[in-house]
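# A look at the structure
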Amino acid sequence: MEEEEGPEFGKPDFVLLDQVTMEDFMDNLKLRFEKGRIYTYIGEVVVSVNPYRKLPLYGPEMIAKYQGRELYERPPHLYAVADAAHKAMKRRAKDTCIVISGESGAGKTEASKHIMQYIAAITNPSQRAEVERVKDVLLKSTCVLEAFGNAHTNRNHNSSRFGKYMDINFDFKGDPTGGHIHSYLLEKSRVLKQHSGERNFHSFYQLLRGAKDGQLQDLNLQRDPALYTFTQQGAGLSSSDSDEANYQAVIQAMKVIGFSSDEMDCVHRILAAILHLGNIQFVETESGLEVAEERLVDHVARLTATPRDLVMRSLLSRTVASGGRELIEKDHSAPEARYARDACAKAIYERLFGWIVGRINEVMEARGRDPRRDGKDTVIGVLDIYGFEIFPDNSFEQFCINYCNEKLQQLFIQLILKQEQEEYQREGITWQNIEYFNNSAIVELVERPHRGVLAILDEACASVGTVTDRLFLQSLDTHHRHHPHYTSRQLCPTDKTMEFGRDFRIKHYAGDVTSAVEGILGKGLDGEIFEVPSICSGTYSTDLTLRSMWPDGQQDITEVTKRPLTAGTLFKNSMVALVENLAAKEPYYVRCIKPNEEKSPGHLDEERCRHQVAYLGLLENVRVRRAGFASRQPYPRFLLRYKMTCEYTWPNHLLGSDKSAVGALLEQHGLKDDVAFGHNKLFIRSPRTLVTLEQSRARLIPIIVLLLQKAWRGTLARRRCRRLKAIYTIMGCFRRHKVRTHLTELQNRFQAARHPPLYGRDMIWPTPPAVLQPFQDTCQGLFRRWRARQLVKNIPPSDMAQIKAKVAAMGALQGLRQDWGCGRAWSRDYLSSTIDNPTAAAPFAQQLKNLKEKDGFRNVLFSSHVRKVNRFNKSRDRALLLTDKHLYKLEPNKQYRVMRAVPLSQVTGLSVTSGQDQLVVLHAKGQDDLVVCLHRTQPKMDNRIGELVGMLAGHFQGVGQDLEVRVSDCIQLNQRGRRRHVSVESKPDQPTPDFRHSRDGFVLLWPSP
Ligand SMILES: Nc1ncnc2c1ncn2[C@@H]1O[C@H](COP(=O)(O)OP(=O)(O)OP(=O)(O)O)[C@@H](O)[C@H]1O
Ligand SMILES: [Mg+2]
């Protein structure tokens, strides 16, 4: 702040004054005012002086300068207070309020607008639509309310003629989610009459000057305000801006807020009706009282959509309750009729104003919020109430307005001066008591039950007719004869400023206000002399908007005897409620000072200002502040907020008490000199200390957030891990269960498998769980081997060669030939068998012996008679001998002479057909293929093909030589380089199989069965 607030601008905070005297205070105020520094602090209170000129202190750039800053970091400003209130609300979730006080024209309304603009500008960074809507309505509502509730007065060209307290609701992020406006006591008497130099409410002039010609015609109005009794007086005066432009602005604002065009029309019709009502005059004729210009009644009736007769009757007569519950109609006298007309105009305007406030509230209401889901709403209240004012003749409204200011001053004293000092005493802080003016006696004078001015006024109203003004004054005099703040001419006969029997004076904190009793009494009885004319009830109107302004409907005339609460009592109750509401919040104050009466920029009337400084109690404020402390917090709360900034207190301290822990914390920060220790609270003298603590907290928060995140992430991960473990355990159990079930099932099923002869051959394996599939495959393999073993172990060794050959044949044929004699016993050497070869077994044995000696073979693999065909298509009977060394073709008719011997090493393969025939073609390297049919003499259907294939394949496997076994029904031959084919043909009448020449080779004719 230093560079922006040099010594030439005076002290930015009155607390920094060298001496707290009125002179020093005024010098500083004046110096700053002259330098364009209209804002100065007293601690957190802002003192604002109305500059009456545009200063470059506002707008987005300025807002950016103050956003998120601490109070002392920037030159004093309303923005800083608004930020502090918003920050306090966000940090501590505490409701706050900004109370703006000062006399009429001191700049309260302007201040409230700047504050709202600031809050709107710094919130909703994420541009949420609902929040933007609420902000729009909040900002636009001011324009509409000012049009209907403000007026040009002698003291202020845009004077608020109603009190306004606006609550803004915030969500936990600190964004506005809704709002509510309370309005207090509209100065409705202004509708009828204004002081000289003043105007009616802006709305009338705006309509007359701003509406289009056609619209005015519809409303039967003419553009000149001088033509209407109610606006005549102010016709020559203008508001600060042009009424035309403001009319458009208000229409625009009403649209944004959500007023329908029907509703806006209705508002304009009501304004027009009031203007017409004002022009109605009464004339006494022989037939009684009459309306001078009945056309005006027509206008009123049409504009309010009320039957004309009813309007007329309401103006000229009234219904009264006679004894019992009987109602009688009584004609008005001329003054009564005028009173009825005025009461009506006032009541309608008041209802209209109330309805507008209500509609804005409907739109601003925080919608669809659930505190359990969205967190608690916090609130910032902004109070802009009419300022203290003294007129030559002060009406009931002034009385109320001044009482209201008195109440607010009392609250200020309570919060800033009294409570503060009391707290120091309570907490045992050494404290020099500071004297201040306590206005509670004046508040008491007004509001005390039974004896207060309001109570006496109520009593006077209750017995209307019998109590004269003078009796009311007497009653006041009797009750308050010795009251230091009350006087009247009777009590002080020498004071010529008051009139005998008419005036009384209340010495308010801000000045003496003299009122005439009639002014007070008359207004206090609003609607009490007789009921408000029935057209004002809206019940009879066919216009729905108008009717909705009277939700209570027409009051039953017999109810009048019950005496509704008077305006005074209603106002008092609303003030008590307001003060209670404010007291429950954390208050921020803006104290506005009006520099001069002339609204002139740059001029500071010292006398006037000194007076305001005195009655606002600003000097006392400075003194208390200087001696006092900027902040106080209970020890536990202080620790909760700052404990992370000190090793002794983080995460929890082990010291004797919270107080000593706080001591240790401050010691470590070196801030002990700036604080005082109360019994329960810590008192911090300067905001700078608080800011130091806040800053070191802010530095640590990200680390703590990380720590919390780490812990939380760890928790989440551990939780997930536990869950996974549980899942795996469950899965494991389930798998075990499945496996166990499967194994039990296997065991049960295969109980019988050990028994011969099948050894579980037809048993069906249960489907295993997926995990056991490989196991099952292995098991099946094992089982097959075991079963094979069981089967094989019973086979005698003599059969083993045969079995091996069968296995080899099966492997070689690969299922391509169905019938290969597997079921037979394979004897192999059929030529040596006397059963098979009874006639020539002996010569064959001799030849075998010769060949064994010659070729040295060890085993005969196969021997059989065959029918062969040669390349010359000659079929002959021959014998085939297969040893472990050679393949022989023998001549059976010549003692089995060898006709051809092929070493086995040259045999490359053999070919057979898929049928039952016994055709076999033997292939050898570099030799003609040998085509034979094993069938010549063997028993019929004895299938020896498999045997030959098995023996040869088994032998080749044993010596590790390849043998190609082909199964084909058209076997390819190679004879002397020629490619030929041999196939089989079934022939029923064929006695024995034999070959026949075919087109490309041979056909084996096979006897079909
Ligand atoms: N900060 C400011 N900058 C420039 N002009 C200002 C400022 N504050 C107030 N004014 C001027 O002073 C006039 C009166 O201010 P404002 O209406 O806020 O007074 P008020 O305290 O609300 O009075 P009342 O009690 O009558 O409503 C404004 O119309 C404006 O012209
Ligand atoms: Mg105002």
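The shown structure was predicted, so the numbers you read here are calculated from the model rather than taken from an experiment.

Inspection of every chain in the model, using the stated rule, returns 22 aromatic pairs. Ring centres of Tyr66 and Tyr79 lie 6.1 Å apart, and the angle between their planes is 75°; this geometry places the pair in the edge-to-face category. Taken together, the positions of Tyr66 in helix H2 (residues 60-66) and Tyr79 in helix H3 (residues 78-92) put the pair 13 residues apart, joining distant regions of the chain. According to the relative accessible area criterion, Tyr79 is buried, its value standing at 1%. Taking 5.8 Å as the distance between ring centres and 65° as the angle between the ring planes, the aromatic pair formed by Phe259 and Trp355 counts as edge-to-face. Separated by 96 residues along the polypeptide, Phe259 in the loop between helix H9 (243-257) and helix H10 (261-279) and Trp355 in helix H13 (residues 334-364) bring together distant segments of the chain. On the basis of relative accessible area, Trp355 is assigned to the buried category, the value being 9%. One aromatic cluster is present, formed by Phe750, Tyr759, Trp765, Phe783 and Trp786 through successive ring pairs. The aromatic ring of Phe9 is capped on one face by Arg37, whose charged end is 3.8 Å from the ring centroid.

Before going further, it helps to spend a moment on the sheet that holds strand E18 (residues 675-677). If you trace the three strands from one edge of the open sheet to the other, you get E17-E19-E18, paired in antiparallel fashion. Both outer strands of the open sheet, strand E17 (631-634) and E18, are each paired with one neighbouring strand and no more. On average, adjacent strands in this sheet sit at an angle of 20° to one another, irrespective of strand direction. Where E17 lies against strand E19 (residues 681-684), four bridges are found, and the strand directions are antiparallel. Bridging from a neighbouring strand, Pro634 pairs with Lys681 of E19. Contacting E17, E18 and E19, helix H24 (residues 635-642) crosses the sheet at an angle of about 95° to E17.

Taking the numbering used here, the UniProt-annotated feature "binding site: ATP" (unreviewed entry) corresponds to Gly102, Glu103, Ser104, Gly105, Ala106, Gly107, Lys108 and Thr109. Non-local contacts of Gly102, meaning those with residues more than four positions away in its chain, are made with Lys108, Gly387, Phe388, Asn405 and Cys592. With respect to the helices and strands, the residue Gly107 is situated in the loop between strand E3 (96-101) and helix H4 (108-122). Overall, Gly107 belongs to the buried group, its relative accessible area being 19%. Residues within four places of Gly107 in sequence aside, it is in contact with Asn50 and Cys592.

When four donors bind a metal tetrahedrally, each ideal donor-metal-donor angle is 109.5 degrees, and when six bind octahedrally, the ideal angles are 90 or 180 degrees. Coordination sphere of the magnesium ion (ligand 2), protein contribution only: Thr109 (OG1) and Ser160 (OG), at 1.9 to 2.1 Å. Taken together, the positions of Thr109 in helix H4 and Ser160 in strand E5 (residues 159-160) put the pair 51 residues apart, joining distant regions of the chain. Here Thr109 falls in the buried class, since its relative accessible area comes to 12%.

Before going further, it helps to spend a moment on the pattern of salt bridges. Per the stated rule, a full pass over the model turns up 48 salt bridges. In this structure, Arg199 engages Asp243 in a salt bridge whose closest nitrogen and oxygen atoms are separated by 3.1 Å. Residue Arg199 is located in the loop between strand E7 (176-184) and helix H6 (202-210), and its partner Asp243 is located in helix H9; the two are separated by 44 residues in the primary sequence. Accessibility expressed as a relative area gives 0% for Arg199, which makes it buried. Taking relative accessible area as the criterion, Asp243 reaches 4% and is therefore assigned buried. Of the charged contacts, one joins Arg308 and Asp298 as a salt bridge, the two residues approaching to 2.3 Å between their closest N and O atoms.

A few words on the site of ligand 1. What surrounds ligand 1 is a group of 19 residues, the closest being Asn50, Ser104, Lys108, Thr109 and Ser159. Between ligand 1 and Asn50 there is a distance of 2.7 Å, counted from an oxygen atom to a side-chain nitrogen or oxygen. With respect to ligand 1, the side chain of Lys108 contributes an N or O atom lying 2.7 Å from an oxygen atom. Against a free-state accessible area of 620 Å², the protein chains account for coverage of 88% of ligand 1. For the shell around ligand 1, the secondary-structure elements that each account for two or more residues are H4 and E5. The residue inventory of the shell around ligand 1, partitioned by class, reads five nonpolar, 10 polar and four charged.

In this section: the domain arrangement of the protein chain. In terms of domain boundaries, the protein chain breaks down into domain 1 (418-571), domain 2 (631-704), domain 3 (752-793) and domain 4 (798-1007). In this structure, domain 2 and domain 3 have C-alpha centres spaced 81 Å apart.

A few words on unusual backbone geometry. With an omega dihedral of -5°, the bond running from Trp650 to Pro651 counts as a cis peptide bond. Among the secondary structure elements, Pro651 is positioned in the loop between H24 and helix H25 (658-669). Here the bond from Pro756 into Pro757 is cis, since omega is 10°, no more than 30 degrees from zero. Its location among the elements puts Pro757 in the loop between helix H26 (687-749) and helix H27 (773-793). Despite not being glycine, Asn220 shows a phi value in the positive range, around 55°. By relative accessible area, Asn220 is classed as partly exposed at 28%. Of note, the phi angle at Gln814 is positive, near 50°, even though the residue is not glycine. Residue position: Gln814 is located in the loop between helix H28 (797-813) and helix H29 (841-855).

With respect to the secondary-structure elements, Arg824 resides in the loop between H28 and H29. On the basis of relative accessibility, which here comes to 17%, the residue Arg824 falls in the buried class. The contact partners of Arg824, leaving out residues within four places of it in the chain, are Gln802, Lys806, Tyr830, Asp942, Asn943, Arg944 and Glu947.

What counts, and where the lines are drawn
- Residues numbered from 1 in each chain as written.
- Chains lettered and ligands numbered in written order.
- Predicted model: local features only at pLDDT ≥ 70, side-chain atom pairs only at ≥ 80, totals over all residues.
- Heavy atoms only, no water.
- Phe/Tyr/Trp six-rings, centres within 6.5 Å; stacked < 30°, edge-to-face > 60°.
- Helix = DSSP H or I, 4+ residues; strand = E, 2+ residues; numbered from the N terminus.
- Buried < 20%, exposed > 50% of the residue type's maximum accessible area, 1.4 Å probe, protein only.
- Lys NZ or Arg CZ within 6 Å of the ring centre and 35° of its normal.
- Pairing = 2+ DSSP bridges.
- Axes fitted to C-alpha atoms, helices over the stretch in contact; angles between N-to-C directions.
- Contact = heavy atoms within 4.5 Å.
- UniProt positions renumbered as here; feature names shortened; annotations may be inferred.
- Donors = N, O, S within 2.8 Å, 3.2 Å for Na, K, Ca; no water.
- Salt bridge = Lys/Arg side-chain N within 4 Å of Asp/Glu carboxyl O.
- Near = heavy atom within 4 Å.
- Polar contact = N/O pair within 3.5 Å; in protein donor to acceptor, adjacent residues only side chain to side chain.
- Areas by Shrake-Rupley, 256 points an atom, 1.4 Å probe, with all protein chains shown as cover.
- Nonpolar A, V, L, I, M, F, W, Y, C, P; charged D, E, K, R; others polar.
- Domains from an automatic or database assignment.

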